[in-house]
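Geometric and topological summary
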There are 4 protein chains.
Amino acid sequence: MSGSIYGKIFKVTTWGESHGAAIGAVIDGCPSGLLLSEKDIQIELDKRKPSNSPLSTIRKESDKAIILSGVFEGKTTGTPISVIVFNEDARTKDYSEIKNIFRPGHADYTFYTKYGVRDYRGGGRSSGRETVGRVIAGAIAKKILKELGIEISAYSFDLELVVEDGDSVGGIVECVIKGVKAGIGETVFDKLDAELAKSMLSIGAVKGIEFGAGFKSAFMKGSENNDEFFNDNGKISKLTNNSGGILAGMSDGSDIVFRLAFKPTPSISKPQKTVDIQGNDIEIEINGRHDVCIVPRAIVVVEAMAAITLTDLVLRNLTARMDNIKLVVLS
Amino acid sequence: MSGSIYGKIFKVTTWGESHGAAIGAVIDGCPSGLLLSEKDIQIELDKRKPSNSPLSTIRKESDKAIILSGVFEGKTTGTPISVIVFNEDARTKDYSEIKNIFRPGHADYTFYTKYGVRDYRGGGRSSGRETVGRVIAGAIAKKILKELGIEISAYSFDLELVVEDGDSVGGIVECVIKGVKAGIGETVFDKLDAELAKSMLSIGAVKGIEFGAGFKSAFMKGSENNDEFFNDNGKISKLTNNSGGILAGMSDGSDIVFRLAFKPTPSISKPQKTVDIQGNDIEIEINGRHDVCIVPRAIVVVEAMAAITLTDLVLRNLTARMDNIKLVVLS
Amino acid sequence: MSGSIYGKIFKVTTWGESHGAAIGAVIDGCPSGLLLSEKDIQIELDKRKPSNSPLSTIRKESDKAIILSGVFEGKTTGTPISVIVFNEDARTKDYSEIKNIFRPGHADYTFYTKYGVRDYRGGGRSSGRETVGRVIAGAIAKKILKELGIEISAYSFDLELVVEDGDSVGGIVECVIKGVKAGIGETVFDKLDAELAKSMLSIGAVKGIEFGAGFKSAFMKGSENNDEFFNDNGKISKLTNNSGGILAGMSDGSDIVFRLAFKPTPSISKPQKTVDIQGNDIEIEINGRHDVCIVPRAIVVVEAMAAITLTDLVLRNLTARMDNIKLVVLS
Amino acid sequence: MSGSIYGKIFKVTTWGESHGAAIGAVIDGCPSGLLLSEKDIQIELDKRKPSNSPLSTIRKESDKAIILSGVFEGKTTGTPISVIVFNEDARTKDYSEIKNIFRPGHADYTFYTKYGVRDYRGGGRSSGRETVGRVIAGAIAKKILKELGIEISAYSFDLELVVEDGDSVGGIVECVIKGVKAGIGETVFDKLDAELAKSMLSIGAVKGIEFGAGFKSAFMKGSENNDEFFNDNGKISKLTNNSGGILAGMSDGSDIVFRLAFKPTPSISKPQKTVDIQGNDIEIEINGRHDVCIVPRAIVVVEAMAAITLTDLVLRNLTARMDNIKLVVLS
């Protein structure tokens, strides 16, 4: 039972391989009446394009988003929104070199073992290009959240820029979500932090997540870690935010804050030991168009997944109380 | 849309409040033909009982598991397994003191805001007692995994034991899963690490998770972080395990390794500032039966959630390939 | 992947076997703030009890519902509602006669083939007693619907009462749902009629369903079958209701009307040919406590499943429009 | 919470409107290693094209299927299969006439009420063109089933061909599924008949379904309706098939047989009363390209939905037993 659908109400399916004809997403569960244009999506997609920075791949794609369904006269209709991006720069390169080799740190070995077959062209489904679909859906989610007063911003800390020798680096990304009222997140399994942890760890290179004080809280005393409440001119507020805005799996009204660890890009041109499909020990050097550091381009993906996750949980919260239900049904 | 059901094939529902009549779990999707007795469950439940250590609460419950359905003549039948534990020590204490107060670090404020009502007796649904249901389901999952050669063990690192002054501490828990073949985990959203991150962060006090080299990998170079493959007497193996046994969201055949940050128990007897339900600034001291450190008792919960998550993903993997399907259907 | 959970938002799990210790249901997703007592459930459960009619089994159970969780101070809390009914009359009868025989029209053969094992005591999980869980959940659903102005009533047509010779009969049940506004039901797969068809066919003895003009509509012309709209003092109404209140998979504001075909109870005392577990051709007579006609007792089950299905779809409809979402979130 | 995804393991999402740029389906959960080409899909799509019969619409589309992902070197890879069909004949007709009118028997009124907006061009999402996506997915499901020895065929009974006066007719379709071993279908809610009922009633014009003896069984005695088992040269078989091949919600090894009632096409050119968006009583005549009888073109849709449903349940059955799981995992 595969896993290319995320969300329970705002359901996002991504499809497509790095070197197939196209890549895209279908969003089932976007409410009707949302203003949405291809431009809204394009703005986000452009953020994940390789920059001119020396950290980025030189693969160039215009990545033009085309809305195929679900939008009529500028507004969503409540039916599935299908968005497609054609792959332009899928070079008909010779992959015979990589075809039978399991690159260290890559999906080659696990995909092959799981499925008995893999699309070896540019990583196939495991390629970072899959995140095009996430960014598409994230753009729509951001539009919904904006109408509800919620904003998401992710950023990375200073990156070691000097990567002269064919190696790669990782990094830390922090994400802050503002404007979420208290009560978003579903006990006991689909907690806000649990769902964010899932959606963030589903991003290829992420190896860890922490909320608020995170791993530091393991070394704090209760009296240091507890966030005391106070009445902030009529609004219940907290003196500190060690919780990262999440208490008992629900938003507590403070900013939601989490940090992610990104591992270095596995594609490096330095020689590495590995095995081929027949099990022979070999040595390889991976040449090609790769990001020295994925972090700058991953930031919009982090925001996209945060937006998708939050949208789904905000929608899920609508039926939590009889009075909300009556408000809508009996109005 | 609530969230008390975990899993897609091995589906676990937990129910019950700290001071209700009983607490329990229903497991829908356990395969038939598994040897299962109440003793199998009891062994695990006993591990989460408060010990005689000064770190633990003095609430005493026998926590006797009773199987109500789904098992016949010592074997599972393929139908839902309902297991109940009656709450014995639900003291008819006076909760009027806590009833209208939002304790720092607790679920009081968020539950109240979300639902407009909360069972304030002992934390209600947000109590650690909810994990009884998880341990029940985890016991069953462990039995399945054992038959498939998979074993899970979690442990904590040295804890600061000196907590003399009514304060509390957190801690780090590491979990290792052995015996998982390569290929478990579903791209692109339901990755093995993504699902483990979700299930672990759904445990009350967990504030962070990292896999393998985790946060350290953010500061490593690709050449340091990549795990090189080699032929280990006919088996494809890795020289290092920075990946924590997970590549591209699937098990890679190595041990699966992750670490969790537990925050300190929010219940402390030191005075704390907070607000009451009317928004008045007040000061409280929480007295009662509480764990100074939840970590020792949480270890079996970590193992349980790991077992549930892994069982679900192992079962999900069965339909990944036509040849597996034919093997079963045409046999 | 088993199937004992129904619903996407109002999620009902039933568990339990005919002759196990108990039987019950867990409802995850009931909104908070609903007035609910054991009496509300008992009233419905009493309707499915065997009557004194000659059509009913003589098995007598008090079927007393006990709420174990999810209700506090008379109101639902938004957490899972666990309700249990202990099996009292699970006679320690000798089942050795039936144990190795596949009764015609019963679940014996299919359960055994699927699971390799079956609880042969009184039909185990396939027994009509499983509907206790459905009626419990249906009682809660009815309370929700009542607050939203929706009422469900099912009834049977004249039954042949004369069954003197150890045989059994079936019957037709019609169900009418009043008070559903237009727009309930989700395109394109989870249509209102599709979901009702599923939930009704999931009732043991149901072999067919038709909506509105149903099978007759296959022989009507479009001009006869189309329901013309008219302005009924400001409300859009229909001149006829051949659609059964469902257009394009959504409620159209008229009464929802469907009819079900129940097959005769398979348990008859007349001699029947069959095979045993070893494949030997044999002849059996089934003696024991059985309903000559299940229809009278099934009516409350039909209502229960209709209520569960409709509640789920009404809740699902809440997020269909941005303006509804804003109404709740920004209020 | 919308409903354009069907299936739990073999998950089918359809998207697209009648007069949008394209229409399509994404299938998540197709096992790897299945031989699949565009031709396999085209063969099925061609069956739903309007024929030259006087019963069919004269809208002409080549409906050419293009596989965009999930297939590599002629085989499925286990990743989502995205298939697109561009809409060619989406005439830029003037819809101003229909735009503000609720056509009797159509989706106009319910869509508008639910979403507050509707794509009125050719029925938008409610158009029969949506079934293109179903037929695509059905073609893939049929290929899987064929490898497992299962074949599906649907057919209609004699249709009244004489429809000279702008009216329309409905019809009965029967479907037979051969080669399904006993045990497919999940108790207690996701029964084989329950799932088939859902998927069939999700087809636009279907108003009823019955299995085996169906509505007739309501008037039979148990002794007439029960199918007696016998040993058919080593295979357990049945003397009759009133059950329609389904016992207790699972396949019983006999042919699965069900019948569907299709209502007449609501589009007729005869004058009809209705109301417009402002609530004015009006009279309309619907001219345009419409099927006088949808039944001939619906047959392949019935087969497609049957194939999708059965594939999903066959895959779901794989984890029913520990011995099956061990067979795959430990092999």
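Refer to the structure printed above.
Summary of the structure given here. (Residues numbered from 1 in each chain as written. Chains lettered and ligands numbered in written order. Predicted model: local features only at pLDDT ≥ 70, side-chain atom pairs only at ≥ 80, totals over all residues. Heavy atoms only, no water.)

Examining the interface of chain A and chain C
Counting from both sides, the interface comprises 24 residues of chain A and, opposite them, 24 residues of chain C. The tally of links from chain A across to chain C stands at 2 salt bridges. Residues glutamate 147 of chain A and lysine 326 of chain C are paired through a salt bridge, measuring 2.5 Å at the closest nitrogen-oxygen approach. Counting the contacts that link chain A with chain C gives 8 residue pairs in polar contact (both at pLDDT 80 or more). Broken down by class, the residue content of the side of chain A that touches chain C amounts to 15 nonpolar, 5 polar and 4 charged. (Contact = heavy atoms within 4.5 Å. Salt bridge = Lys/Arg side-chain N within 4 Å of Asp/Glu carboxyl O. Polar contact = N/O pair within 3.5 Å; in protein donor to acceptor, adjacent residues only side chain to side chain. Nonpolar A, V, L, I, M, F, W, Y, C, P; charged D, E, K, R; others polar.)

Comments concerning the sheet that holds strand β15 (residues 256-262) of chain D
Taken together, 8 strands build an open sheet; the order of strands is β8(C)-β9(C)-β15(C)-β10(C)-β10(D)-β15(D)-β9(D)-β8(D) and the sheet is antiparallel. Every interior strand has two partners, whereas the edge strands, β8 (151-156) of chain C together with β8 (151-156) of chain D, have only one. Neighbour-to-neighbour, the strand axes of this sheet turn through a mean angle of 20°, independent of strand direction. (Pairing = 2+ DSSP bridges. Helix = DSSP H or I, 4+ residues; strand = E, 2+ residues; numbered from the N terminus. Axes fitted to C-alpha atoms, helices over the stretch in contact; angles between N-to-C directions.)

Some points on the relation of the copies chain B and chain A
Once chain B has been moved 0.0 Å along the axis and rotated by 180°, it coincides with chain A to within an RMSD of 0.0 Å. The transformation just described matches what one would write down for a two-fold rotation axis. Taking C-alpha positions as reference, the residue of chain B nearest the rotation axis is lysine 198 of chain B, located at 2.4 Å. A symmetric contact is evident, with 100% of the interface residues of chain B recurring at the interface of chain A. (Least-squares fit on C-alpha atoms with pLDDT ≥ 70 in both.)

Re the pairing of strand β16 (residues 272-275) of chain D
Where β16 of chain D lies against strand β17 (residues 281-284) of chain D, 4 bridges are found, and the strand directions are antiparallel. Bridge pairing in β17 of chain D links threonine 274 of chain D to isoleucine 282 of chain D.

Considerations on the interface of chain B and chain A
If you look at the interface, chain B gives 104 residues, while chain A gives 104 residues. Buried area between chain B and chain A, summed over both chains or domains, comes out near 8600 Å², and the portion from carbon and sulfur atoms is 59%. Where chain B touches chain A, the interface holds 6 salt bridges. Between glutamate 195 of chain B and lysine 198 of chain A there is a salt bridge; the shortest N-O distance is 2.8 Å. Across the chain B-chain A interface, the total number found is 57 residue pairs in polar contact (both at pLDDT 80 or more). Looking at the side of chain B that touches chain A residue by residue, the classes come out as 44 nonpolar, 34 polar and 26 charged. (Buried area = accessible area lost by both parts, 1.4 Å probe.)

Comments concerning the relation of the copies chain A and chain C
Placing chain A over chain C gives an RMSD of 0.0 Å and needs a rotation angle of 180°, together with 0.0 Å of translation along the axis. Most of the interface of chain A is mirrored in chain C: 100% of its interface residues are interface residues there too.

Comments concerning the pattern of salt bridges
Evaluation of the coordinates by the stated rule reveals 108 salt bridges over all chains. The residue arginine 103 of chain B makes a salt bridge to aspartate 108 of chain B at a minimum N-O spacing of 2.8 Å. With respect to class, arginine 103 of chain B is no different from aspartate 108 of chain B; both count as buried. Aspartate 119 of chain B serves as the salt-bridge partner of arginine 121 of chain B, at 2.7 Å between the closest nitrogen and oxygen. One network of salt bridges, in which partners are shared, links Lys8, Asp190, Glu195 and Arg316 of chain A together with Lys198 of chain B. (Buried < 20%, exposed > 50% of the residue type's maximum accessible area, 1.4 Å probe, protein only.)

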